Amino acid sequence: MTLNNPQMSVGAMIVNNRVNCIAKGNNSSNSEVDLLYIPKECSEDEILDAFVYTSGDSQIYPRGLEIGRIISIKQSPRYENFNEANIRLTAE
């Protein structure tokens, strides 16, 4: 199962600040996935255009595989303590 599948999620890490998040597939695009649970303390300037790698927290993907780059950030509609982002996948 590929990462852009909406039923798939994997532990992820933003390289710039080593923040752990969750990358999850979505239905909007085959070349993008969602990045969930980004702490509000992370500034947009700090993480926009940052690389995201697998964190190794899940047992499916090992640590250090490149997922892609953050292309946009928005406030989470579900959780007020977190932001969400879109990642453009490195490999489609």
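Everything here concerns the structure above.
Residues numbered from 1 in each chain as written. Predicted model: local features only at pLDDT ≥ 70, side-chain atom pairs only at ≥ 80, totals over all residues. Heavy atoms only, no water.

**A short note on the sheet that holds strand S6 (residues 82–89)**
We count it as follows: In this scheme, strands are said to pair when DSSP sees at least two bridges between them. Put simply, DSSP H or I for four residues or longer makes a helix, DSSP E for two residues or longer makes a strand, and each gets a number counted from the N terminus. To obtain each axis, a line is fitted to C-alpha atoms, and for helices this fit is confined to the stretch in contact; angles are then taken between N-to-C directions over 0 to 180 degrees.
If you trace the six strands once around the closed barrel, you get S1-S2-S3-S6-S5-S4, paired in antiparallel fashion. Each neighbouring strand pair of the sheet contributes to a mean axis angle of 40°, computed without reference to strand direction.

**Some remarks on the pairing of strand S1 (residues 9–14)**
Defined as follows: Under the scheme applied here, a residue whose accessible area is under 20% of the maximum for its type counts as buried, over 50% as exposed, and between as partly exposed, the area being computed with a 1.4 Å probe on protein chains only.
Of all the six residues making up S1, five are buried; the element is thus mostly covered by neighbouring parts of the structure. Summarising the sheet, S1 and strand S2 (residues 19–25) pair through six bridges and their orientation is antiparallel. When the bridges of S2 are listed, Ser9 appears paired with Lys24. Here S1 hands over to S2 after four residues, with Arg18 in that stretch at a positive phi of 55°. Where S1 lies against strand S4 (residues 51–54), three bridges are found, and the strand directions are antiparallel. Bridging across to S4, Met13 finds its partner in Tyr53.

**Observations concerning the nonpolar core**
Defined as follows: By nonpolar core we mean a set of buried residues, namely Ala, Val, Leu, Ile, Met, Phe, Trp, Tyr and Cys, connected to one another through side-chain atoms within 4.5 Å. Contact definition: two residues touch when any of their heavy atoms are within 4.5 Å.
Core analysis: the largest hydrophobic core is formed by 21 residues, its most contacted members being Leu3, Ile14, Leu35, Ile38, Val52 and Ile67. Mapped onto this core, the elements with two or more residues apiece are S1, S2, strand S3 (32–39), strand S5 (66–75) and S6. When near neighbours in sequence (up to four residues on either side) are disregarded, Ile67 contacts Leu3, Val10, Ala12, Ala23, Val33, Val52, Tyr53, Thr54, Ile87, Arg88, Leu89 and Thr90.

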